[in-house]
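# Structural overview
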Amino acid sequence: MKKMTPYRNKSKQAPIKKNYQNIKEYKVTKECELLEFLLETFKSQSRNSVKSLLSSHRVSVDGAPVSQFNFKLYPEDTIIISNSPIKKKTRSKLPIIYEDDDLIVINKPSGLLSIASDNEKSSTAYRMLSDYVQQKDKHNRIFVVHRLDEDTSGVLMVAKNVKIQQALQEKWNDIVTKRGYYAIVEGVMEKNSDTIKTYLKKNSQNLMYSSKKAGDGQLAITHYKVMKTNGTYSLLDVNIDTGRKNQIRVHLGEQGHHIIGDDKYGQPADPIKRLGLHAYALEFTHPLTGKKVKYTAPMPKCFEDLFAKHSGDKE
């Protein structure tokens, strides 16, 4: 293993959406090769016309450009066809925490999407890592294991083969023993430590909110402990038992202490010009080796600086 320093058979396919200007998206349902998928999808076009999509660099897999005819596809992959060439990028200085034959772990910057969204296809951690592994071998690829919100920084892990991805995802809630976050919230917490347990639901604006009624939504459990506090902000050590969408942001906001910079769920102060949430630790039992592994990302300097500027901090 190598440590590195930081820094799918055939069936008719229909477009899923046309969310992004000049592109069309198609979902893969079975394991197959890329050219096979395209020929089946565009039956009305000639073989040469379909092949030209690849040779003109207009095809991407989950936002990462691919031109190899025999590139392996798997169910749930999204094929994106663009009206213009998709440029490949050279990736040299990635915030890699750890890499071996199965996994890559990075310290994802705040403001970077984990995977492609309706409004952004290319500027994602998935795209960056795809470009990186394909520099070594054009047939290499990565697979999503879990995600972080766009504005949350910290430990993000991807798989380098479908075997490890499936093993991790199938047993995720059983094998993960720690998901640690640093959170900066407004004000002083009423309790130095607490556990928040609610059921999260989505409203008509696609925002999450809590229900106290058992089964009325997805169970979400958040533990927090105050690390530092002053009259303006509090730094919390947060651990979650469940990984629901926006879980920490909702739970803390509903306590009356929004995470700084979180204009999605409130109108808190924005002193560090980013969301005050950082995933500092991911610990789990490796599903193939049985060994316990832990990956960490240091607290962002802007988090530390915010409290260094205030006198009279309480530890």
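Up top you'll find the structure we're talking about.
Predicted model, so just to flag it, every value in this text is computed and none were measured. (Residues numbered from 1 in each chain as written. Predicted model: local features only at pLDDT ≥ 70, side-chain atom pairs only at ≥ 80, totals over all residues. Heavy atoms only, no water.)

### Concerning the overall build of the chain
Along the chain, the regular secondary structure elements total six helices and 17 strands. When burial is assessed residue by residue, the chain has 49% of its 315 residues classed as buried. (Helix = DSSP H or I, 4+ residues; strand = E, 2+ residues; numbered from the N terminus. Buried < 20%, exposed > 50% of the residue type's maximum accessible area, 1.4 Å probe, protein only.)

### A short note on unusual backbone geometry
Located in the positive-phi region is Asp62, a residue other than glycine, with phi close to 55°. Assignment of secondary structure puts Asp62 in the loop between strand 3 (59–61) and strand 4 (64–65). For Asp62, a relative accessible area of 18% gives the class buried. Residue Asn246 is not a glycine yet carries a positive backbone phi of 55°. Assignment of secondary structure puts Asn246 in the loop between strand 15 (233–240) and helix 5 (247–254).

### Considerations on the pattern of salt bridges
Within this structure, the stated rule accounts for twelve salt bridges. Taking the shortest distance from any N to any O, the salt bridge between Lys27 and Glu76 comes out at 4.0 Å. In this pair, Lys27 sits in strand 1 (residues 23–27) while Glu76 sits in the loop between strand 5 (72–73) and strand 6 (78–82), placing the two residues 49 residues apart along the sequence. Put simply, Asp216 and Lys201 hold a salt bridge, and the shortest N to O gap is 3.0 Å. With Asp216 in the loop between strand 13 (208–211) and strand 14 (218–229) and Lys201 in strand 12 (residues 193–202), this residue pair connects regions lying 15 residues apart in the sequence. Judged by its relative accessible area of 25%, Asp216 falls in the partly exposed class. (Salt bridge = Lys/Arg side-chain N within 4 Å of Asp/Glu carboxyl O.)

### Structural notes on the sheet that holds strand 1
Strand pairing within a sheet occurs via backbone hydrogen bonds; the two strands may be parallel or antiparallel. In spatial order, the strands read 1-6-3-4; together these four strands make up an open sheet with antiparallel pairing. The open sheet terminates on both sides in strands that have one partner only, identified here as strand 1 and strand 4. Pairing geometry for strand 1 and strand 6, over five bridges, is antiparallel. Counterpart to Glu25 in the pairing with strand 6 is Ile80. (Pairing = 2+ DSSP bridges.)

### What about the environment of Glu254?
Inspection of the secondary structure puts Glu254 in helix 5. Once you skip the residues sitting within four places of it in the chain, Glu254 turns out to touch Tyr209 and Ser210. (Contact = heavy atoms within 4.5 Å.)

### Some remarks on a negative patch on the surface
On the surface, Glu150, Asp151, Asp263 and Asp270 cluster together to form a negatively charged patch. Its place among the elements puts Asp270 in the loop between helix 5 and strand 16 (277–285). Classification of Asp270 as partly exposed rests on a relative accessible area of 32%. (Patch = residues over 30% accessible without salt bridge, like charges linked within 9 Å, V, L, I, M, F, W, Y side chains within 5 Å. Areas by Shrake-Rupley, 256 points an atom, 1.4 Å probe, with all protein chains shown as cover. Lys, Arg positive; Asp, Glu negative; His and termini not counted. Charge placed at Lys NZ, Arg CZ, Asp CG, Glu CD.)

### What about the nonpolar core?
Note that soluble globular proteins tend to have their nonpolar side chains buried in a common cluster. In this structure, Ile104, Val238 and Leu252 are the most contacted members of the largest nonpolar core, which totals 33 residues. The element best represented in this core is helix 3 (residues 125–136), accounting for six residues. If you look at the next biggest cluster of nonpolar residues, it comprises 20 residues, including Met157, Leu168, Val176 and Leu282. (Core = buried A, V, L, I, M, F, W, Y, C linked by side-chain atoms within 4.5 Å.)

### Observations concerning the pairing of strand 10 (residues 153–159)
Of all seven residues that make up strand 10, seven are buried, and the element is covered over most of its length. The sheet contact formed by strand 8 (residues 103–108) and strand 10 spans six bridges and is antiparallel. Within strand 10, the position partnered with Asn107 by the bridge is Val155. With two bridges connecting them, strand 9 (residues 143–144) and strand 10 associate as antiparallel partners. When the sheet's bridge partners are listed, Val144 is paired in strand 10 with Val158. Here strand 10 runs beside strand 16; their pairing, made up of two bridges, is parallel. Along strand 16, the bridge assignment pairs Ser153 with His278.

### A look at the packing of aromatic side chains
The tally for this structure, following the rule as stated, stands at five aromatic pairs. Look at Tyr26 and Phe42: their rings are 5.4 Å apart centre to centre, the planes differ by 75°, and that puts the pair in the edge-to-face class. Here Tyr26 is found in strand 1, whereas its partner Phe42 is found in the loop between helix 1 (34–41) and helix 2 (47–55), with 16 residues between them in sequence. Across the pair, Phe42 and Tyr26 agree in class, each one buried. Each residue in the set Tyr98, Phe284 and Tyr295 is aromatic and connected to the rest through ring pairs, giving one cluster. (Phe/Tyr/Trp six-rings, centres within 6.5 Å; stacked < 30°, edge-to-face > 60°.)

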